Amino acid sequence: MTAKYVVGIDLGTTNCVLAFAPLEGDAPQVQLLQVPQLVAASTVDSRQSLPSFLYLAPEHEAGGALDLPWAQGRKFSTGEHARRQGAEMPDRTVVAAKSWLCHSRVDRRAPLLPYNAPSDVGKVSPLTASQRYLEHLAAAWQAEYPDAPLAEQQVVLTVPASFDAAARELTREAALAAGLPASLVLLEEPQAAVYSWLAERGDDWRKELKAGDRVLVCDIGGGTTDLTLVDVAEVDGELALERLAVGDHLLVGGDNMDLALAHQVAGLFAEQGVKLDAWQSVSLWHSCRDAKETLLAPEAPESHSISVLGRGSKLIGGTVSVDVPRAMATELLVGGFFPECTLADRPEKRRVSGFQEIGLPFESDVAITRHLAAFLAAHADDGQGAAYPTHVLFNGGVFKANLLRSLVLEIIGKWAGDAPPAAELPGGRDLDNAVARGAAFYGWTKDHGGVRIRGGVARSYYVGIESAGLAIPGMPRPMRALCVVPFGMEEGTSVDVPSGEIGLVLGEPAHFRFFSSAVRNGDQPGDVLPTIDEEELTETDPLEATLESTADTEDSYVPVRFQSQITELGMFELWCVSTTSDERWKLEFNVREA
Amino acid sequence: MRLWLAIQSFFQVLFNRDFAAGVKQLQLAAPAAEPAQAEPAKPEPPKPQPPKPQPPVRSEAITLLATLQREARFVDIVSESLDGYSDAQIGAAARDVLRDCGKVIERMFALQPFAAKTEGEQIEVPAGYDAAEFRLTGNVSAQPPVTGELVHAGWKATKCEVPKWSGSKQAALVVAPAEVQVG
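Residues numbered from 1 in each chain as written. Chains lettered and ligands numbered in written order. Predicted model: local features only at pLDDT ≥ 70, side-chain atom pairs only at ≥ 80, totals over all residues. Heavy atoms only, no water.

- As recorded in an unreviewed UniProt entry, chain B goes by the name DUF2760 domain-containing protein, listed as coming from Aeoliella straminimaris.

- Chain A has the name Hsp70 family protein in an unreviewed UniProt entry, where Aeoliella straminimaris is given as its organism.
- Comment text from UniProt for chain A, heading Sequence similarities (unreviewed entry), reads "Belongs to the heat shock protein 70 family." (UniProt positions renumbered as here; feature names shortened; annotations may be inferred.)

Thoughts on the overall build of chain A
So, step 1. The helix and strand inventory of chain A stands at 13 helices and 29 strands.
So, step 2. The buried share of chain A, taken over its 594 residues, is 55%.
So, step 3. In chain A, of all internal contacts separated by at least 6 residues, the share reaching a separation of at least 24 is 69%.
So, step 4. Summing over all exposed atoms, chain A offers an accessible surface of approximately 25,100 Å²; the carbon and sulfur share of this is 49%. (Helix = DSSP H or I, 4+ residues; strand = E, 2+ residues; numbered from the N terminus. Buried < 20%, exposed > 50% of the residue type's maximum accessible area, 1.4 Å probe, protein only. Contact = heavy atoms within 4.5 Å. Areas by Shrake-Rupley, 256 points an atom, 1.4 Å probe, with all protein chains shown as cover.)

Here we look at the overall build of chain B
So, step 1. Scanning chain B from N- to C-terminus turns up 5 helices and 5 strands.
So, step 2. Listing the helices and strands of chain B from first to last along the sequence gives α-α-α-α-α-β-β-β-β-β.
So, step 3. Put simply, chain B has 183 residues, and 21% of those count as buried.
So, step 4. Residue pairs in contact within chain B that sit at least 24 positions apart in sequence constitute 68% of those at least 6 positions apart.

A few points about the sheet that holds strand E13 (residues 225–235) of chain A
Residues and elements named next belong to chain A.
So, step 1. Overall, mixed pairing links the 6 strands, which are arranged E18-E17-E12-E13-E14-E19 in an open sheet. A single partner strand is all that each edge strand has here, and the edge strands are strand E18 (423–424) and strand E19 (453–454).
So, step 2. The pairing of strand E12 (residues 214–220) with E13 spans 7 bridges and is antiparallel. Across the sheet, the residue bridging to valine 215 is valine 230, located in E13.
So, step 3. Relative to E12, helix H5 (residues 189–201) is tilted by about 115°, and along the sheet it contacts E12, E13, strand E14 (238–246), strand E17 (391–395) and E19. (Pairing = 2+ DSSP bridges. Axes fitted to C-alpha atoms, helices over the stretch in contact; angles between N-to-C directions.)

Thoughts on the nonpolar core
Residues and elements named next belong to chain A.
So, step 1. Counting 55 residues, the largest nonpolar core has Met257, Val265, Phe269, Leu284, Phe338, Leu404 and Trp415 as its most contacted members.
So, step 2. Of the residues forming this core, the biggest block, 7 residues, is contributed by helix H12 (residues 402–416).
So, step 3. Those residues in contact with phenylalanine 338 that lie beyond four places of it in its chain are Ile220, Met257, Leu333, Ile368, Thr369, Leu404, Leu407, Val408 and Ile411.
So, step 4. If you look at the next biggest cluster of nonpolar residues, it comprises 44 residues, including Leu18, Val35, Leu50 and Leu112. (Core = buried A, V, L, I, M, F, W, Y, C linked by side-chain atoms within 4.5 Å.)

Points about the interface of chain A and chain B
So, step 1. Across the contact, 24 residues belong to chain A and 24 residues belong to chain B.
So, step 2. If you sort the residues of chain A by the area they bury against chain B, Ser42(A), Leu315(A) and Ile316(A) come out on top, with a joint share of 28%.
So, step 3. Counting the contacts that link chain A with chain B gives 4 salt bridges.
So, step 4. Where chain A packs against chain B, one counts 9 residue pairs in polar contact (both at pLDDT 80 or more).
So, step 5. If you list the elements that add at least two residues to the side of chain A that touches chain B, you get strand E4 (35–40), strand E5 (43–47), helix H8 (278–295) and helix H9 (315–318) of chain A.
So, step 6. The element best represented in the side of chain A that touches chain B is E5(A), accounting for 4 residues.
So, step 7. Looking at side-chain class alone, the side of chain A that touches chain B contains 8 nonpolar, 10 polar and 6 charged residues.
So, step 8. Where E5(A) and strand E5 (residues 164–165) of chain B come together, 2 bridges link them in antiparallel fashion. From the neighbouring strand, Val44(A) faces E5(B), where its bridge partner is Lys164(B). (Buried area = accessible area lost by both parts, 1.4 Å probe. Salt bridge = Lys/Arg side-chain N within 4 Å of Asp/Glu carboxyl O. Polar contact = N/O pair within 3.5 Å; in protein donor to acceptor, adjacent residues only side chain to side chain. Nonpolar A, V, L, I, M, F, W, Y, C, P; charged D, E, K, R; others polar.)

A look at a nonpolar patch on the surface
Residue and element names in this part refer to chain B.
So, step 1. On the surface, Ile105, Leu111 and Trp155 cluster together into a nonpolar patch covering about 290 Å² of accessible area.
So, step 2. Within the element layout of this structure, isoleucine 105 appears in helix H5 (residues 87–109).
So, step 3. Residue class for isoleucine 105 comes out partly exposed when judged on its relative accessible area of 31%. (Patch = residues over 30% accessible without salt bridge, like charges linked within 9 Å, V, L, I, M, F, W, Y side chains within 5 Å.)

With respect to the pattern of salt bridges
All names here are of chain A.
So, step 1. One pass over the full model with this rule turns up 41 salt bridges over all chains.
So, step 2. Between arginine 83 and glutamate 80 there is a salt bridge, with the nearest N and O atoms lying 3.1 Å from each other. In this pair, arginine 83 and glutamate 80 both sit in helix H1 (residues 80–88), 3 residues apart, roughly one turn of the helix.
So, step 3. Of the residues examined, glutamate 80 reaches a relative accessible area of 10% and is grouped as buried.
So, step 4. A salt bridge links glutamate 302 to arginine 326, with the shortest nitrogen-to-oxygen separation between them at 3.3 Å. Of the two residues, glutamate 302 sits in the loop between H8 and strand E15 (303–308) while arginine 326 sits in helix H10 (residues 326–337), which places them 24 residues apart along the sequence.

Points about the side chain of Gln37(A)
Residues and elements named next belong to chain A.
So, step 1. Mapped onto the elements, glutamine 37 comes out in strand E4.
So, step 2. Glutamine 37 gets classed as buried once you look at its relative accessible area, which sits at 0%.
So, step 3. The residues touching glutamine 37, leaving out its near neighbours within four places in the chain, are Thr43, Val44, Asp45, Arg47, Ser49, Leu50, Pro51, Leu68, Thr78, Gly79, Glu80 and His136.

Details of the confidence of the model for chain B
So, step 1. With 69% of its residues at a pLDDT of 70 or more, chain B shows a mean pLDDT of 80.
So, step 2. Throughout residues 28–36 of chain B the model reports pLDDT below 50, and contacts reaching past four residues in sequence, or to other chains, amount to 0 contacts. (pLDDT = per-residue confidence, 0-100.)

Concerning the pairing of strand E27 (residues 557–566) of chain A
Residue and element names in this part refer to chain A.
So, step 1. In terms of burial, E27 is largely enclosed, as 7 of its 10 residues are buried.
So, step 2. Where strand E22 (residues 493–496) lies against E27, 4 bridges are found, and the strand directions are antiparallel. Looking at the pairing, aspartate 496 lines up with glutamine 563 of E27.
So, step 3. As defined by bridge partners, strand E23 (residues 502–505) adjoins E27 across 4 bridges and the pair is classed as antiparallel. Bridge pairing in E27 places glycine 503 opposite proline 559.
So, step 4. Bridge analysis of E27 against strand E28 (residues 572–578) gives 7 bridges, and the strand direction is antiparallel. Within E28, the position partnered with arginine 561 by the bridge is valine 577.
So, step 5. With antiparallel pairing between neighbouring strands as the criterion, E27 and E28 make up a hairpin whose turn holds 5 residues, including glycine 570 at a positive phi of roughly 85°.

What to know about the layout of surface pockets
Residues and elements named next belong to chain B.
So, step 1. Taken as a whole, the second largest pocket spans an internal volume of roughly 590 Å³.
So, step 2. For the second largest pocket, the lining is made up of 23 residues, of which Arg135, Leu136, Thr137, Glu149 and Val151 are closest to its centre.
So, step 3. Listed by contribution, the elements that provide at least two residues to the lining of the second largest pocket are strand E2 (122–125) and strand E3 (146–149).
So, step 4. Broken down by element, the lining of the second largest pocket gets its largest block of residues, 4 residues, from E3.
So, step 5. Taken together, the residues of the lining of the second largest pocket break down into 14 nonpolar, 6 polar and 3 charged. (1 Å grid on protein atoms, 1.4 Å probe; cavity = no way out; pocket = protein on both sides within 12 Å on 5 of 7 lines; lining within 4 Å. Points joined across faces, edges and corners; volume = space filled by probe spheres on them.)

Considerations on the pairing of E13(A)
Residues in a regular strand point their side chains to alternate faces of the sheet.
Residues and elements named next belong to chain A.
So, step 1. Counting buried residues in E13 gives 8 out of 11 residues, a clear majority hidden from the surface.
So, step 2. Between the antiparallel neighbours E12 and E13 lie 4 residues.
So, step 3. Examined bridge by bridge, E13 and E14 share 8 bridges and lie antiparallel to one another. Residue pairing in the sheet places glutamate 234 in a bridge with leucine 239 of E14.

Describing empty space enclosed by the protein
Empty space among the atoms becomes apparent when a probe as large as a water molecule is rolled across them.
Residues and elements named next belong to chain A.
So, step 1. Applying the stated rule across the entire model yields 3 cavities of 30 Å³ or more.
So, step 2. Breaking the lining of the largest cavity down by element, the ones donating at least two residues are E28 and strand E29 (584–589).
So, step 3. The leading source of residues in the lining of the largest cavity is E29, at 4 residues.
So, step 4. Partitioning the lining of the largest cavity into residue classes produces 5 nonpolar, no polar and 4 charged.

Okay, here's the thing in structure tokens:
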């Protein structure tokens, strides 16, 4: 391996960023790659990020207009051009592929996106879309550094902390298909944000945090919210960081807020008798993002004027504008997304009917503070109260609005009662690019040594086992859950799961239901939960293997026990190990099961 | 006989262009009789050039204009007559256009004030200054170095990154495509 650089890639729901640092040198010099991309037909320009959008062009449009310096005859585009096309042609534009990647009720290798597109559009799978973004970044890297192929560099790719083992596996598959090296390391995004803070502070961080402190990472991206707790401990006289817990995958983010405001403002326009078309609605959406930052700033004006330009070339005549009062924006955004609530409050669950559409499972409760209350309460040290943080690290473009930062701090302060209020970690932030920067810094310290966040796997995993007993016709046998991976299991370790022998038929696919839990931190391998509580255990993709025997045996079935393994690269593997021979079989995720 | 041939050839060469060319060929060919090593490889007759795809032909100025129009509707607003609009109407449209123009220019040129002083302060103009860098007004007969009040700090691009365009010759002058809503 002749790696010259460490490369950190943030494959985001709405934006991808690539940061890198030369491996040589005494200190990591992290920079961002300028990514050449199509910004309009036949026009290539460089941007600091690659919007995660994929536009599938109709046959007559392609004709060279979507070419890139490294690719001719393209029939699709990724990045800025695709994002713009998406506004007016949602049927032909793939959005939020990453959220589909962890949606276990659909086959993620099947061409389903753009969702609900007409049949003449050549749809792609969530996996392929992710692969296209990574291919673009790889090609952009190759164009800039032809002497240092990406496949030979040290690459760190970030995933949401809430991604389960199956979603991580799929992300890795897309990355390898895009030409990233097999030595690729996956890093949780909130951890990357912490690494970015560590990179920025240098050695000073040891003065700013002390043993016993607890940092809440509140990462609100465009489409998702990711929560993580990191504890500061003292090990052998040195401060050490340990990831305590991660939250569930929440499909609510900054875009929801901009869209909510845009919806309200569109109502104000409607009052003036102005109906906005698709293009104007999108430009309104963008104006609302700026308006949100202006109206939620420390000394915000009482109102902010939002205009939507006329559609045709008669611009001034067609322009309409409204004044958005600050009170309205605050009530909508704060009241809707950051309402005051108590620690006992929980996100509202909407009971869905049997005929739920299979689209993305967006949160039915967008109140981030209620999700936060549930998260902190779930990880209380003694099962009571909550895991109060002493510090908060904000990440994501949403927090450019200062008011939201102070609001979150204030609410946590109220929950904590008499305890000293949580403080924001000091220092400047690159809220949009911190994850990619942190990933590159992490890769550099992996090579050169430096502070690491320990934590192991973020959730415990379970295999569903049918209970023995008399079968009742028409009733499925009750399921029990056998813990195979404990919370916090470290990379590069394996564990033999103590259990009774499980008989598997040779030559036939063995099929196991598979569950994960972000809250049952105490379960040990071999523990059996008598029932499956949907509040605590989330079902993910089933595991399968077809057991072909190489041994010379007459038996038609083989008794096995489980062995689980977390590889050095952070990938989960579950093996069925024969108790009568040396044979073992690896179980693979079946992501086709709907 | 050779004498006669020589005389005949002399006049043929003198008055018959084709014949002369033939003789010249003979003379040129002569070294071929020599041992071959002196003969350089005969160059291939130049083949007709295959029709090469035309290199992109578009002025960067058009690309800049196209970008300002695409991202900020700049061309629309300066092309529209202001007659009949109130200042408020113009202001409402201009606010967005100006903001977005600013973003484009910042991204492409990352402009910075040329002079490092605040406007209104005294600034020294060095001897041998470049007239493209400083424009002196007032008592300009004084010999630099001179000191004067900075009226305008000037602008300087710290980079120049115009998008690369790869379209057809036919579309080279198109600043904004016609937009057509089908169906």
